[in-house]
Amino acid sequence: MADEVRQAARYHGDEAVAPGMLDFAVNVRAGGPPPWLVERLASRLTDLGRYPRATDMRRAVDAVAARHGRPRDEVLLLAGGAEGFALLPNLQPRLAALIAPSFTEPEAVLAAAGVPFTHVVLDPPFALGTVPDDADLVVVGNPTNPTSVLHPADAILGLRRPGRIIVVDEAFADAVPGEPESLAGRSLPDVLVLRSLTKTWSLAGLRVGYALGAPDVLARLSSRRAHWPLGTLQLEAVTACCAPAAVAEADAGAVRLAQMRSEMVHGLCAAGIDVLDGRAPFVLLRVADAELVRKHLDEKGIAVRRCDTFVGLESGYLRVAVRPEWPRLVRELQEVLG
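Reading guide: rules and limits
Residues numbered from 1 in each chain as written. Predicted model: local features only at pLDDT ≥ 70, side-chain atom pairs only at ≥ 80, totals over all residues. Heavy atoms only, no water. Helix = DSSP H or I, 4+ residues; strand = E, 2+ residues; numbered from the N terminus. Rg over C-alpha atoms; globule rule 2.2 N^0.38 Å. Buried < 20%, exposed > 50% of the residue type's maximum accessible area, 1.4 Å probe, protein only. Contact = heavy atoms within 4.5 Å. Areas by Shrake-Rupley, 256 points an atom, 1.4 Å probe, with all protein chains shown as cover. Lys, Arg positive; Asp, Glu negative; His and termini not counted. Charge placed at Lys NZ, Arg CZ, Asp CG, Glu CD. Salt bridge = Lys/Arg side-chain N within 4 Å of Asp/Glu carboxyl O. Pairing = 2+ DSSP bridges. Axes fitted to C-alpha atoms, helices over the stretch in contact; angles between N-to-C directions. Parallel < 35°, antiparallel > 145°, perpendicular 65-115°, else oblique. Left-handed = near helix turned anticlockwise from the far one by under 90°. Nonpolar A, V, L, I, M, F, W, Y, C, P; charged D, E, K, R; others polar.

### A closer look at the overall build of the protein
Line of reasoning, step 1. Along its length, the protein carries 10 helices and 13 strands.
Line of reasoning, step 2. Its C-alpha radius of gyration of 20 Å places the protein within 12% of the 20 Å reference for a compact globule of 338 residues.
Line of reasoning, step 3. When the backbone C-alpha atoms are referred to their principal axes, the protein occupies close to 60 × 50 × 35 Å.
Line of reasoning, step 4. Among the 338 residues that make up the protein, the fraction classed as buried is 54%.
Line of reasoning, step 5. At a minimum sequence separation of 6, the contacts of the protein that also span at least 24 residues come to 74%.
Line of reasoning, step 6. Summed over its atoms, the accessible surface of the protein is roughly 14,400 Å², and 53% of this surface lies on carbon and sulfur atoms.
Line of reasoning, step 7. When the 36 basic and 41 acidic side-chain charges of the protein are each reduced to a single mean position, those positions are 5 Å apart.

### Points about unusual backbone geometry
Line of reasoning, step 1. Across the junction of Ala-100 and Pro-101, the peptide omega takes the value 5°, indicating a cis bond.
Line of reasoning, step 2. Mapping Pro-101 onto the fold places it in the loop between strand S3 (96–100) and helix H4 (105–112).
Line of reasoning, step 3. For Glu-179, which is not glycine, the phi dihedral falls at a positive 50°.

### Remarks on the pattern of salt bridges
Line of reasoning, step 1. In the structure shown here, the tally under the stated rule is 22 salt bridges.
Line of reasoning, step 2. A salt bridge links Asp-308 to Arg-306; the shortest N-O distance between them is 2.7 Å.
Line of reasoning, step 3. Owing to a relative accessible area of 32%, Asp-308 belongs among the partly exposed residues under this scheme.
Line of reasoning, step 4. We classify Arg-306 as partly exposed; its relative accessible area is 25%.

### A word on the sheet that holds strand S8 (residues 209–212)
Line of reasoning, step 1. Overall, mixed pairing links the 7 strands, which are arranged S2-S8-S7-S6-S5-S3-S4 in an open sheet. Every other strand in the sheet has two partners, leaving strand S2 (75–78) and strand S4 (117–121) as the edge strands with one partner each. Averaged over all pairs of adjacent strands, the angle between strand axes in this sheet comes to 20°, irrespective of strand direction.
Line of reasoning, step 2. The sheet contact formed by S3 and strand S5 (residues 137–141) spans 3 bridges and is parallel. The residue bridging Ala-97 from the neighbouring strand is Val-138, located in S5.
Line of reasoning, step 3. Its contacts with the sheet place helix H2 (residues 54–68) against S2, strand S7 (191–196) and S8, and it is angled at close to 120° to S2.

### Structural notes on the packing of H2 against helix H7 (residues 232–241)
Line of reasoning, step 1. Interaxial distance between H2 and H7 falls to 8 Å at its minimum, and their mutual angle equals 30°. Comparing the axis directions of H2 and H7 gives the class roughly parallel. The chirality of how H2 crosses H7 is left-handed. For the pair H2 and H7, the contacting residues are Asp-56, Met-57, Arg-59, Ala-60, Ala-63 and Val-64 in the first and Thr-232, Leu-235, Glu-236, Val-238 and Thr-239 in the second.
Line of reasoning, step 2. Of the residues belonging to the contact of H2 with H7, the class tally is 6 nonpolar, 2 polar and 3 charged.

### Looking at the environment of Arg-58
Line of reasoning, step 1. The residue Arg-58 is located in helix H2 in this model.
Line of reasoning, step 2. Judged by relative accessible area, Arg-58 falls into the partly exposed class, the value being 44%.

### Focus on the sheet that holds strand S9 (residues 274–275)
Hydrogen bonds along the backbone pair up the strands of a sheet, which may run parallel or antiparallel.
Line of reasoning, step 1. Strand order in the open sheet made by the 4 strands is S9-S10-S13-S12, with antiparallel pairing throughout. Because the sheet does not close on itself, it has two edges, and the strands there are S9 and strand S12 (305–306).
Line of reasoning, step 2. Pairing of S12 with strand S13 (residues 317–321) involves 2 bridges; the strand directions are antiparallel. Residue pairing for S13: Arg-305 is matched across the bridge by Arg-319.
Line of reasoning, step 3. Contacts from helix H8 (residues 244–270) reach S9, strand S10 (282–286) and S13, with the element oriented near 15° to S10.

Dropping the structure here:
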């Protein structure tokens with residue numbers, strides 16, 4: 001499979017959302033970025049006639065370093081967390097182990113680059129197990145998309161071996177109150193953490209994120225990168241969203257989101273819908289004939305994420321974002337499921 005890109009690996013939830021639909025398919029903060037962030041980004045529009053400044057880059061790196069208590073040389077700014085996956089072939093792994101079900105971008109990137117990989121498929125409740133001994137790169141999500149499982153940090157660290165790099169996708173870590181089990185604040189020579197700012201801050205159209213890791217690993221990761229990889233607005237967004245006040249706002253939002261998730265899960269379960277346990281700002285459902293259910297919801301103007309594109313979830317699952325309109329989703333699911 002490593003010599004060709006599996007078509008389903010390039011499918012993303014936004015493809016299911018037509019204008020005017022109620023979007024439960026994409027896990028981005030509803031309502032757009034907060035007004036203060038929009039105003040701050042707008043204040044930099046007059047600077048777009050110049051190349052990104054070194055001072056802006058330094059401010060952004062400093063903000064990330066301070067936010068996670070890491071040295072500056074352990075920070076690499078990214079054009080969205082997904083760019084971190086795009087750079088993985090630069091590490092030249094001999095064999096990558098992809099913990100599945102999980103975000104499919106690593107598979108697509110490694111396949112396109114001709115890097116050998118294998119899927120380590122977990123069965124419900126999706127607890128981590130062993131990976132091939134000869135894998136020198138392991139990719140795991142925490143919390144994992146789409147299962148919503150939050151793995152114990154010790155379980156992830158238990159995958160470490162000499163000569164192996166562990167890549168932890170923490171794109172949704174800041175959506176879990178207190179960020180439990182995060183490795184972002186741990187300086188480890190063989191653990192690379194990828195973070196996204198696009199979900200919590202509703203900046204999917206701007207592409208903002210960063211990587212945290214050992215300086216030599218980050219140097220290898222970025223060795224073939226283009227000059228000026230991030231623009232002025234992206235750098236400003238990183239600086240703004242990693243400031244202490246913004247981090248506190250994000251954590252308060254995570255608390256509210258966790259409460260909403262609990263209410264949503266209770267409503268789904270009360271309606272007789274099978275919900276898998278998790279912590280992320282989305283919920284994995286197990287339903288009979290998921291494709292038919294998804295199509296019926298689509299006809300009702302509700303978009304949900306199909307899961308047959310994820311290795312290990314070929315049928316019988318749907319993923320839904322946590323949104324305040326969840327009672328409507330529950331009602332429509334009850335009607336569709338009879």
